[in-house]
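Residue strings, one per chain:
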Amino acid sequence: MAAWPSYAFGFMLVFSRVGAAMILLPGIGESEVPMPVRLALALCMSALIMPTLQLPTIPDNLMPLAIMLGGEMVVGIWLGFMARIVLLALPIAGQMISLLVGMSSVLQPDPSFGGQATALTRLFSLGGITLMFLSGLYVYPLQALGASYTVLGPGATLVMGDMTQTLLMMFSKGFAFAFGLAAPFLVFSVVVQAALGLVTRLVPQIQIFTVAMPGQMLAGLLVLSLLMVSVLQHWRDGARLLFGMLPGGQ
């Protein structure tokens, strides 16, 4: 009975980090997943992680206790956000592809991008979540979350400069990754626009934009159908590498 307050404090310390990360982790932290399910996963994972840690003692005052719990929440949000950047690379690529093939006006609501997301963005967003569970990629962020205690122990002092640098590095790699996924469609768009410009110079009487837009969309969808499998495979392989770069990742 005397040890119960220490156990309760240790569990809340672990749950602060795990629960905050569960809000943002790709696949598990989606808005489509009911909140009770995410809460149950966070409680179960906290119970599994807690016995493996060397937990600090309970602070004597309320202020140090609140600082420790708040710091663990910051670490959880930091880890979850970096993992989510990897997933967002695919719908960001979908947003670029929509603009390049002329489908940027077909909008669908998306929890990550709001009401201005294109249909391809929503398709890639759902495809990325599905592929994460089918290929087992969801395990990598969970492993990084569990192993993060070897990098930042429970209640450790946060080094905000290093955390910011790591977050910026993940941002840059995520956007570069998204641009690489959309690169074939950039080449397609340059070729199409160059051809349209040539036709406009040869036959200036034709409203080439109005005439060519349906053909551009049709050709873009044809190229997308041919490259869709390759794009998803490339994202899966790249996501595995980026998840391994998370603090505590393998």
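Here the structure is a predicted model, which is why all the values come from computation and not from measurement. (Residues numbered from 1 in each chain as written. Predicted model: local features only at pLDDT ≥ 70, side-chain atom pairs only at ≥ 80, totals over all residues. Heavy atoms only, no water.)

Trainee: Before we go on, may I ask you to explain the packing of aromatic side chains in this structure?
Mentor: Where two aromatic rings form a pair, the distance of their centres and the angle of their planes describe that pair. Summed over all chains, the structure comprises 4 aromatic pairs. Look at Phe171 and Phe175: their rings are 6.3 Å apart centre to centre, the planes differ by 20°, and that puts the pair in the stacked class. Pair noted here: Phe171 and Phe175 are both in helix α6 (residues 160-202), with a separation of 4 residues, about one helical turn. Residue Phe171 is classed as partly exposed on the basis of its relative accessible area, which comes to 28%. You can call Phe175 partly exposed: its relative accessible area is 43%. Connected via pairs of aromatic rings, a cluster forms that spans Phe81, Phe171 and Phe175. Above the ring of Tyr149, the side-chain terminus of Arg17 is found at 4.0 Å from the ring centroid. (Phe/Tyr/Trp six-rings, centres within 6.5 Å; stacked < 30°, edge-to-face > 60°. Helix = DSSP H or I, 4+ residues; strand = E, 2+ residues; numbered from the N terminus. Buried < 20%, exposed > 50% of the residue type's maximum accessible area, 1.4 Å probe, protein only. Lys NZ or Arg CZ within 6 Å of the ring centre and 35° of its normal.)

Trainee: Explain the side chain of Glu30 here, please?
Mentor: Checked against the element boundaries, Glu30 lands in the loop between α1 (4-24) and α2 (35-49). Relative accessible area serves as the criterion here: at 7%, Glu30 is assigned to the buried category.

Trainee: Sorry, what's going on with the pattern of salt bridges here?
Mentor: Side chains that carry opposite charge are capable of pairing whenever their charged atoms lie near each other. Throughout the structure, instances matching the rule amount to 4 salt bridges. In this structure, Glu72 and Arg17 form a salt bridge, with 2.9 Å as the shortest nitrogen-oxygen distance. Taken together, the residues span a long stretch of sequence, with Glu72 in helix α3 (residues 62-101) and Arg17 in helix α1 at a distance of 55 residues. The pair Glu72 / Arg17 is uniform in exposure class, with both members buried. Of the charged contacts, one joins Arg236 and Asp237 as a salt bridge, the two residues approaching to 3.4 Å between their closest N and O atoms. A relative accessible area of 27% places Arg236 in the partly exposed class. (Salt bridge = Lys/Arg side-chain N within 4 Å of Asp/Glu carboxyl O.)

Trainee: How should I be thinking about the environment of Met217 in this particular structure?
Mentor: Inspection of the secondary structure assignment puts Met217 in helix α7 (residues 208-244). Under the relative-accessibility criterion, Met217 is labelled partly exposed at 25%. Remark: the alpha-carbon pair of Met217 and Glu32, spanning 185 residues in sequence, is separated by 31 Å.

Trainee: Any chance you could explain the environment of Val14 here in plain terms?
Mentor: Within the fold, Val14 resides in helix α1. By relative accessible area, which is 0% here, Val14 ends up buried. For Val14 and Gly76, which are 62 residues apart along the polypeptide, the C-alpha to C-alpha distance reads 9.7 Å. Ignoring any residue separated from it by four or fewer positions in sequence, one finds Val14 in contact with Ser46, Ile49, Met50, Leu53, Leu55 and Tyr149. (Contact = heavy atoms within 4.5 Å.)

Trainee: Can you walk me through the packing of α1 against α2 in this structure?
Mentor: Helix-helix packing is characterised by the crossing angle of the two axes and by the distance between the axes. α2 packs onto α1 with a crossing angle of 135° between their chain directions and a minimal axis gap of 9 Å. Considering their axes alone, α1 and α2 lie oblique with respect to each other. In this structure, α1 crosses over α2, and the sense of that crossing is right-handed. Counted together, Phe11, Val14, Phe15, Val18, Gly19, Met22 and Ile23 of α1 and Arg38, Leu39, Leu41, Ala42, Leu43, Met45, Ser46, Ala47 and Ile49 of α2 form the full contact between these two elements. (Axes fitted to C-alpha atoms, helices over the stretch in contact; angles between N-to-C directions. Parallel < 35°, antiparallel > 145°, perpendicular 65-115°, else oblique. Left-handed = near helix turned anticlockwise from the far one by under 90°.)

Trainee: Can you help me understand the nonpolar core in this one?
Mentor: For soluble globular proteins, the rule of thumb is that nonpolar side chains tend to be buried together. Counting residues in hydrophobic clusters, the biggest one holds 58 residues, and the most contacted among them are Val18, Trp235 and Phe243. Listed by contribution, the elements that provide at least two residues to this core are α1, α2, α3, α4 (119-135), α5 (139-151), α6 and α7. Ranked by residue count, the leading element in this core is α3, at 15 residues. Here Trp235 is in contact with Val86, Leu87, Ala89, Leu90, Gly128, Leu131, Met132, Leu137, Phe177 and Leu181, once residues within four sequence places are set aside. (Core = buried A, V, L, I, M, F, W, Y, C linked by side-chain atoms within 4.5 Å.)

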